[in-house]
Amino acid sequence: MQSRAHQLHREGRRIAFVPTMGFLHTGHLSLMRIARERGDILVISIFVNPTQFAPGEDFEAYPRDMPRDLGLAESVGTDIVFTPDNEMMYAEGFQTYVSPENLSRGMCGKSRPIFFRGVATVVTKLFNIVRPDIAVFGEKDYQQLVIIRRMVRDLDFGIEIVGGPTVRENDGLAMSSRNAYLRPDQRAAALSLYQALQLSRTLVKAGERQADKIIAAAKRHIASFDGTAIDYVVIVDPETLDDMTVVDRPARMALAVKVGATRLIDNMALGEDLADRPA
Ligand code: AMP
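Cut-off values and rules
- Residues numbered from 1 in each chain as written.
- Predicted model: local features only at pLDDT ≥ 70, side-chain atom pairs only at ≥ 80, totals over all residues.
- Heavy atoms only, no water.
- Pairing = 2+ DSSP bridges.
- Helix = DSSP H or I, 4+ residues; strand = E, 2+ residues; numbered from the N terminus.
- Axes fitted to C-alpha atoms, helices over the stretch in contact; angles between N-to-C directions.
- Salt bridge = Lys/Arg side-chain N within 4 Å of Asp/Glu carboxyl O.
- Buried < 20%, exposed > 50% of the residue type's maximum accessible area, 1.4 Å probe, protein only.
- Right-handed = clockwise from strand over helix to strand, strands pointing away.
- Parallel < 35°, antiparallel > 145°, perpendicular 65-115°, else oblique.
- Left-handed = near helix turned anticlockwise from the far one by under 90°.
- Contact = heavy atoms within 4.5 Å.
- Nonpolar A, V, L, I, M, F, W, Y, C, P; charged D, E, K, R; others polar.

**A short note on the sheet that holds strand β1 (residues 15-20)**
Each strand in a sheet pairs with another by means of backbone hydrogen bonds, the pair being arranged parallel or else antiparallel. Taken in spatial order, the five strands make up an open sheet running β3-β2-β1-β4-β5, and their pairing is parallel. Whereas interior strands pair on both sides, the edge strands pair on one side only; in this sheet they are β3 (80-82) and β5 (160-164). Each adjacent strand pair in this sheet contributes to an overall mean axis angle of 25°, direction not counted. As paired elements, β1 and strand β4 (residues 134-138) share two bridges and run parallel to each other.

Written out as structure tokens, the structure is:
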């Protein structure tokens with residue numbers, strides 16, 4: 001892959017890259033279409049990265065379907081699908097990691113302390129192998145997108161990072177490979193994440209500015225469904241991911257909720273129409 005990338009660069013082609021863990025859905029395909037537009041050669045990777053899963057998380061159970069994924073990748077005009085295996089990515093003696101600091105401490109980093117180190121490390125490796133000019137990541141994983149942007153700046157990767165909007169099912173549930181874990185009777189509870197975000201947007205539009213009040217209303221809504229366990233609900237600065245107490249400028253609401261054994265995340269912009277920085 002790396003020598004192919006060098007060759008493509010010598011031919012003057014721009015490589016656009018979408019890293020994934022496979023079990024592709026319309027959300028992934030939307031990122032591929034964005035990448036397709038922005039580059040000459042579309043490369044995707046499919047790799048369920050063991051270093052971002054803690055013991056007891058769903059690494060083994062994570063859904064996989066390579067033949068189907070290859071068909072879907074082809075359907076959106078993917079030129080190269082890079083599918084390394086664990087031994088190739090983490091050879092005997094592997095010991096060098098990329099560790100994001102502050103941005104990875106809150107939100108998902110609280111309950112998944114090694115997660116972003118695993119993500120930053122594998123994305124670094126994939127960038128070094130695929131040598132993209134641009135790479136597209138979903139806003140669905142908002143903290144990840146912010147961390148990758150920061151890492152690319154901090155470590156001078158010289159890669160343009162593009163965020164793609166969250167693609168949802170008709171009812172609003174954010175598409176996720178992990179939705180495959182949900183039983184039909186858990187679907188209503190899973191939808192509470194989207195509803196809580198919508199409810200919060202409505203509150204901000206109606207003039208509510210106190211983050212704690214908005215968060216409390218969102219939590220009440222989610223908790224009213226059987227089988228939900230809230231991991232976090234936060235309103236943060238869209239760039240620093242610091243908690244905001246007053247929504248007087250654009251903000252991001254993000255949440256993580258367990259529905260049965262399945263951990264779901266979602267996020268949405270709040271207060272986009274408010275002045276960016278108050279005078
Ligand atoms: P994953 O395979 O879950 O690691 O995701 C690969 C990429 O697809 C990441 O950049 C995700 O943020 C993105 N992604 C996942 N779900 C969605 C979605 N519903 N809409 C848009 N992008 C998504």
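**Notes on the pattern of salt bridges**
Taken as a whole and judged by the stated rule, the model has 16 salt bridges. Between arginine 38 and glutamate 160 there is a salt bridge whose closest N-O contact spans 3.0 Å. With arginine 38 in helix α2 (residues 26-38) and glutamate 160 in strand β5, this pair connects stretches of sequence that are 122 residues apart. In this structure, aspartate 58 engages arginine 178 in a salt bridge whose closest nitrogen and oxygen atoms are separated by 2.8 Å. Placement of the pair is aspartate 58 in the loop between β2 (41-46) and α3 (66-75) and arginine 178 in the loop between β5 and α8 (187-205), with a sequence separation of 120 residues. With relative accessibility at 17%, the residue aspartate 58 sits in the buried group. For arginine 178, a relative accessible area of 17% puts it in the buried group. Shared partners join several salt bridges into a network, and the residues in it are Arg14, Arg38 and Glu160.

**Notes on the pairing of β2**
Burial analysis of β2 places six of its six residues in the buried class, which makes it a mostly covered element. Burial along β2 is two-sided: Ile41, Val43 and Ser45 facing one way and Leu42, Ile44 and Ile46 facing the other are all buried. Here β1 pairs with β2 via six bridges, running parallel. Note that in β2 the partner of isoleucine 15 across the bridge is isoleucine 41. Considered for its hand, the β-α-β crossover made up of β1, α2 and β2 is right-handed.

**Here's the deal with the packing of α8 against helix α9 (residues 211-223)**
The N-to-C vectors of α8 and α9 enclose an angle of 150°; their axes lie 9 Å apart at closest approach. Accordingly, the angle class assigned to the pair α8 and α9 is roughly antiparallel. Where α8 crosses over α9, the two elements pack in a sense that is right-handed. Note on element contacts: α9 touches α8 through Ile214, Ala217, Ala218, His221 and Ile222, opposite Ser192, Gln195, Ala196, Leu199, Ser200, Leu203 and Val204. When grouped by side-chain class, the residues that make up the contact of α8 with α9 number eight nonpolar, four polar and no charged.

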